Amino acid sequence: MRELKERILKDGCCLEGGILKVDSFINHQMDAGLMMRMAEEFVRRFKGTEIDKVVTVEASGIAPAVMVAYLLDVPAVFAKKKVPSTMSGILKSEVFSFTKSRSYNICISDKYLTKGEKCLFIDDFLANGNAAAGILDLASQAGAEITGMGFLIEKSFQRGGEMLRSKGIHVESLAIIESLDNCEIRFNE
Ligand code: 5GP
């Protein structure tokens, strides 16, 4: 998506270790107009896909997921990173965080991810695919189906995209970054 790529070049910056910082318009301060146009792009790309619900992981996935859910008129649910003491019937999966170099649990109530539901997963970044694998695990525990996965930014020099596509999952990424070597942002097309 041209607008997103141009914005990444204008306002994104590289950190050590292949991390892209986009916190002035995506994951801290947010550009709501851009977020809505990205949600519209996902709706176009997943046209014809059965979607009963949009699923994401807190916190950065919530804004785009809610906008996609609004456009599709379906609920959005986010996996929590802390198990709430008030929650019973919890589906839980362990995820390794690439940016924080540690593991954490993600959880969703079994009331909000249920057997037979067809879900679209939306997140800000696809790197090694650990968060996505955690969501696939939660969906499998629930008996739900992930019918597609949409990412604002995919870093194709990491292995997540390959792993998900090799499972036959319909993956859409609005900007695919091929390299961040020498702190230079290079897209794959
Ligand atoms: P994965 O689970 O695919 O390895 O990593 C995806 C998660 O890690 C995303 O939800 C995102 O929060 C975080 N992440 C991975 N790479 C980056 C990055 O380059 N920049 C930022 N800001 N977050 C990232």
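Residues numbered from 1 in each chain as written. Predicted model: local features only at pLDDT ≥ 70, side-chain atom pairs only at ≥ 80, totals over all residues. Heavy atoms only, no water.

S.K.: Explain the pairing of strand S4 (residues 76–79) to me, please; I cannot follow it from the model alone.
M.R.: Residues in a regular strand point their side chains to alternate faces of the sheet. The alternating pattern of S4 places Val77 and Ala79 on a buried face and Ala76 and Phe78 on a face that is not buried. Inspection of the sheet shows strand S3 (residues 53–57) paired to S4 by four bridges, in the parallel sense. Bridge pairing links Thr56 to Phe78 in S4. Once the chain exits S3 it traverses helix H3 (residues 62–72) before rejoining the sheet at S4, and the crossover so formed is right-handed. (Buried < 20%, exposed > 50% of the residue type's maximum accessible area, 1.4 Å probe, protein only. Helix = DSSP H or I, 4+ residues; strand = E, 2+ residues; numbered from the N terminus. Pairing = 2+ DSSP bridges. Right-handed = clockwise from strand over helix to strand, strands pointing away.)

S.K.: Looking at this model, I keep getting lost on the pattern of salt bridges. Mind explaining?
M.R.: Pairing of side chains with opposite charge becomes possible as their charged atoms draw close. Evaluated as defined, the whole model comprises 14 salt bridges. Between Asp23 and Lys21 there is a salt bridge, and its shortest N-O distance comes to 3.5 Å. The exposure class of Lys21 is partly exposed, given its relative accessible area of 35%. The salt bridge partner of Lys53 is Glu117, with a shortest N-O separation of 3.0 Å. With Lys53 in strand S3 and Glu117 in the loop between strand S6 (102–109) and strand S7 (118–126), this pair connects stretches of sequence that are 64 residues apart. Glu117 carries the same exposure label as Lys53, and that label is buried. (Salt bridge = Lys/Arg side-chain N within 4 Å of Asp/Glu carboxyl O.)

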